[in-house]
Amino acid sequence: MADPRVAAIPVRECGEPLVDTADSEHLRVDDRMADEHGQWRLLRAGVVERLERAAQLLPPGVRLLVLEGYRSPQRQERGFTRYRETLRALRPDLDEGALRAAASRYISPPEVAPHPSGAAIDLTLCDDDGTELDLGCAYDATPEESDGGCFTAAPGLPERAAANRRLLVEVLTEAGLVNYPTEWWHWSYGDRYWALKTGAPAALYGPHDLTAPAQAAAV
Ligand SMILES: C[C@@H](N)C(=O)N[C@H](C)C(=O)O
Ligand SMILES: [Zn+2]
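Under the annotation held in an unreviewed UniProt entry, the protein carries the name D-alanyl-D-alanine dipeptidase and is attributed to Quadrisphaera granulorum. UniProt, in the comment section headed Catalytic activity (unreviewed entry), describes the protein in these words: "D-alanyl-D-alanine + H2O = 2 D-alanine".

Below is the structure:
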């Protein structure tokens, strides 16, 4: 996400609303990333449509579990700064540019981050009871914590976890989302990274600050 080609993609905001994933009969929503205003459940309507399509491609008894959609710009900034400073302590040899690039393997620099646009979704698979399937490492484990197991194409996963990842990749790709390859759980549609990967001339969704009164009213 720190690749200058991502920041170079223009955004042509299409004005599509943010909608609540909890209103979808095809999606399950988990509240571990909840914020006080319920904003973590929000996503652009076009992203939800594609997730619903993906959910319907899953075999019976397997569901998509929404973990985090919209993230406020302030939350993104705090998370990025915290992780960058953690890395700085671990890797005093890295200069500012290298630190930014290393941090962006786990969390996007605020100026290009897709979660504040409602374009990105962190999600996993679960069964009908909401019990999570084994995807090979914990959701949101950093590269350091998971020893690289968070990379979507990580080698050496147990067969069950590898099969679950393949299933996740298959249905979400078929539905038109793109994965950020350092995190098996992070997918997006309509953001700059999606445009870079698909060759679209511009991103469709720009950031929203829902703490600003005019935008909060529009949701
Ligand atoms: C922090 C992690 N859950 C995540 O969402 N990372 C991506 C790359 C992001 O911040 O956009
Ligand atoms: Zn994410």
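This is not the end of the story, as more comes after the structure.
Engineer: Mind showing me how you'd approach the UniProt feature "binding site: Zn(2+)" (unreviewed entry) in the protein here?
Structural biologist: With numbering matched to this structure, UniProt assigns "binding site: Zn(2+)" (unreviewed entry) to H115, D122 and H186. For the annotated residues, spread through 72 residues, the largest C-alpha to C-alpha distance comes to 9.8 Å, consistent with a single compact locus. A residue is classified by how many C-beta atoms lie within 10 Å of it, and H115, with 26 of them, is buried. Note that H186 resides in strand β7 (residues 186–188). Not counting residues within four places of it along the chain, the set of residues in contact with H186 comprises A120, D122, N179 and Y180.

Engineer: Help me out: how do you make sense of the nonpolar core in this one?
Structural biologist: The nonpolar side chains of soluble globular proteins are, as a tendency, buried together. Formed by 46 residues in total, the largest nonpolar core has its most connected members in L43, V47, L51, L64, V66, I121 and L123. Listing elements by their share of this core, those giving two or more residues are β1 (18–20), β2 (27–29), β3 (42–44), α2 (45–55), β4 (62–68), β5 (120–127), α6 (159–174) and α7 (192–198). No other element matches α2, which puts five residues into this core. Apart from the residues lying within four places of it in its own chain, the contact partners of L123 are L64, L65, V66, L67, W185 and W187.

The rules behind these values
- Residues numbered from 1 in each chain as written.
- Chains lettered and ligands numbered in written order.
- Predicted model: local features only at pLDDT ≥ 70, side-chain atom pairs only at ≥ 80, totals over all residues.
- UniProt positions renumbered as here; feature names shortened; annotations may be inferred.
- Buried ≥ 20, exposed ≤ 12 C-beta atoms within 10 Å, placed from the backbone.
- Helix = DSSP H or I, 4+ residues; strand = E, 2+ residues; numbered from the N terminus.
- Contact = placed C-beta atoms within 7 Å.
- Core = buried A, V, L, I, M, F, W, Y, C linked by C-beta atoms within 7 Å.

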